[in-house]
Amino acid sequence: MAKRWINDLTHSDVTPEKAFLNRRQILAGLGAGIGAGAAFGVAGQAHAQEALKPNKWDDITNYCNYYEFGTGKEDPARNAHTLTTEPWTVKIDGLVDNPGDYALGDILAKMTIEERIYRFRCVEAWSMVVPWNGFELADLLSMAGVKSDAKYVAFETVFRPEEMPGTRYQVLDWPYVEGLRLDEAMHPLTLMATGLYGKPLPNQNGAPLRLVVPWKYGFKSIKSILRITLTDTQPPTSWNKANAREYGFYSNVNPTVDHPRWSQASERPIGGGLFAGRKDTLMFNGYDEVASLYDGMDLAANF
Ligand SMILES: Nc1nc2c(c(=O)[nH]1)N[C@H]1C(S)=C(S)[C@@H](COP(=O)(O)O)O[C@H]1N2
Ligand SMILES: [Mo]
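This structure is a prediction, so every number in the text was calculated from the model and none was measured.

The rules we used
- Residues numbered from 1 in each chain as written.
- Chains lettered and ligands numbered in written order.
- Predicted model: local features only at pLDDT ≥ 70, side-chain atom pairs only at ≥ 80, totals over all residues.
- Heavy atoms only, no water.
- Helix = DSSP H or I, 4+ residues; strand = E, 2+ residues; numbered from the N terminus.
- Buried < 20%, exposed > 50% of the residue type's maximum accessible area, 1.4 Å probe, protein only.
- Contact = heavy atoms within 4.5 Å.
- Areas by Shrake-Rupley, 256 points an atom, 1.4 Å probe, with all protein chains shown as cover.
- Pairing = 2+ DSSP bridges.
- Phe/Tyr/Trp six-rings, centres within 6.5 Å; stacked < 30°, edge-to-face > 60°.
- pLDDT = per-residue confidence, 0-100.

### A look at the overall build of the chain
Counting secondary structure elements, the chain contains 7 helices and 12 strands. A buried classification covers 56% of the 303 residues belonging to the chain. Partitioning the intrachain contacts of the chain with sequence separation of at least 6 by distance along the chain shows that 69% fall at a separation of at least 24. When the accessible area of the chain is evaluated, it comes to approximately 13,400 Å², of which 52% is carbon and sulfur surface.

Shown next as structure tokens:
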């Protein structure tokens with residue numbers, strides 16, 4: 001089928017709970033095999049793609065993982081209101097030309113905010129489809145100026161015990177940390193999310209700024225980011241520190257590599273109702289265009 005390109009979509013076209021894809025998302029979607037030939041657009045122009053029908057706001061904001069606010073799926077929605085997200089400053093340091101403390105408002109003023117609907121797959125084998133608003137991490141890293149010897153990007157979540165009741169328990173080694181290889185971080189699918197359904201990101205989903213890496217298990221998508229560090233060595237990650245046998249650095253969605261305690265071959269779509277079936281999980285969560293990042297790598301050894 002012919003490729004369709006929709007120009008002229010702006011941020012103000014977002015209507016809550018009315019999903020659409022913009023031009024850059026179609027570029028990403030075409031590569032991912034989710035958008036080819038489909039018609040996208042705002043109401044009155046075209047229809048959101050059926051295959052990626054977003055989950056409801058209530059599902060996305062009430063079924064969360066954010067252990068700093070409790071380990072239950074509904075704990076973050078109940079507890080995360082205590083997190084102060086304004087003002088917010090992101091420290092960008094390490095192997096960059098322009099290290100410093102960046103006020104989030106100043107960052108946002110320079111970034112192009114887009115809407116993108118991504119599949120989201122948790123290692124616990126549930127999945128959702130989420131209409132994020134955000135900007136490409138690559139644009140932020142370019143602003144900071146990545147030095148040529150940088151190979152990885154390390155991320156750190158805010159750690160404020162007085163605002164985060166879950167951190168009283170040592171379920172993880174706080175602060176929550178994550179990392180990506182530089183080419184993963186620079187990939188156009190890698191998003192810094194600032195919103196959902198055209199509204200500001202709720203605290204329980206990682207306000208004011210969280211990572212979204214749609215071809216990896218959910219835990220890579222670190223929330224409420226306070227610090228980004230460019231390094232030449234692979235950074236530690238919270239879940240790998242907690243259990244290296246169960247959680248590797250890469251964590252690419254891979255139906256052929258099981259978690260030691262359960263299969264990763266299928267997933268349970270959230271919000272489908274009691275009798276909705278499980279779905280086969282797709283390699284890279286369906287985002288085939290990232291496959292070349294891992295050419296020549298054994299993805300069973302590098303899980
Ligand atoms: N700081 C922090 N980030 C985090 C987590 C967390 O506990 N703390 N949980 C991760 C996990 S396991 C998942 S599945 C996703 C969940 O994102 P959501 O609640 O917005 O769906 O956030 C990830 N980011
Ligand atoms: Mo997760």
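There's plenty left to go through after this.
### Some remarks on the pairing of strand E7 (residues 191-196)
Within E7, 6 of the 6 residues are buried, leaving the element largely enclosed by the surrounding structure. Pairing geometry for E7 and strand E9 (residues 210-212), over 3 bridges, is antiparallel. Residue methionine 192 lies in a different strand from E9, and its bridge partner there is leucine 211. Sheet topology note: the E7/strand E8 (residues 199-200) ladder contains 2 bridges and is antiparallel. By the bridge assignment, leucine 196 is partnered in E8 with lysine 199. Connecting the antiparallel pair E7 and E8 is a turn made up of 2 residues, with tyrosine 197 showing a positive phi of about 50°.

### Thoughts on the packing of aromatic side chains
Going through the model one piece at a time under the given rule, you end up with 13 aromatic pairs. Ring centres of phenylalanine 120 and tryptophan 132 lie 6.4 Å apart, and the angle between their planes is 65°; on these two criteria the pair is classed as edge-to-face. Here phenylalanine 120, found in strand E3 (residues 114-121), pairs with tryptophan 132, found in strand E4 (residues 126-136); they are 12 residues apart in sequence, far enough to count as distant. The two residues phenylalanine 120 and tryptophan 132 agree in class, both being buried. Look at phenylalanine 284 and tyrosine 294: their rings are 5.6 Å apart centre to centre, the planes differ by 20°, and that puts the pair in the stacked class. With phenylalanine 284 in the segment after strand E12 (279-280) and tyrosine 294 in the segment after E12, the pair connects residues that are 10 residues apart, well separated along the chain.

### Regarding the confidence of the model for the chain
With 83% of its residues at a pLDDT of at least 70, the chain reaches an overall mean of 87. In the predicted structure, residues 1-23 sits below a pLDDT of 50 and forms 50 contacts with residues beyond four places in sequence or in another chain. Long-range and interchain partners of residues 25-50, a stretch whose pLDDT sits below 50, account for 53 contacts in this model, where long-range means more than four residues apart.

### Quick look at the pairing of strand E5 (residues 152-157)
Within E5, 5 of the 6 residues are buried, which leaves it mostly tucked inside the rest of the structure. Bridge analysis of E5 against strand E10 (residues 225-231) gives 6 bridges, and the strand direction is antiparallel. Looking at the pairing, phenylalanine 155 lines up with isoleucine 228 of E10.

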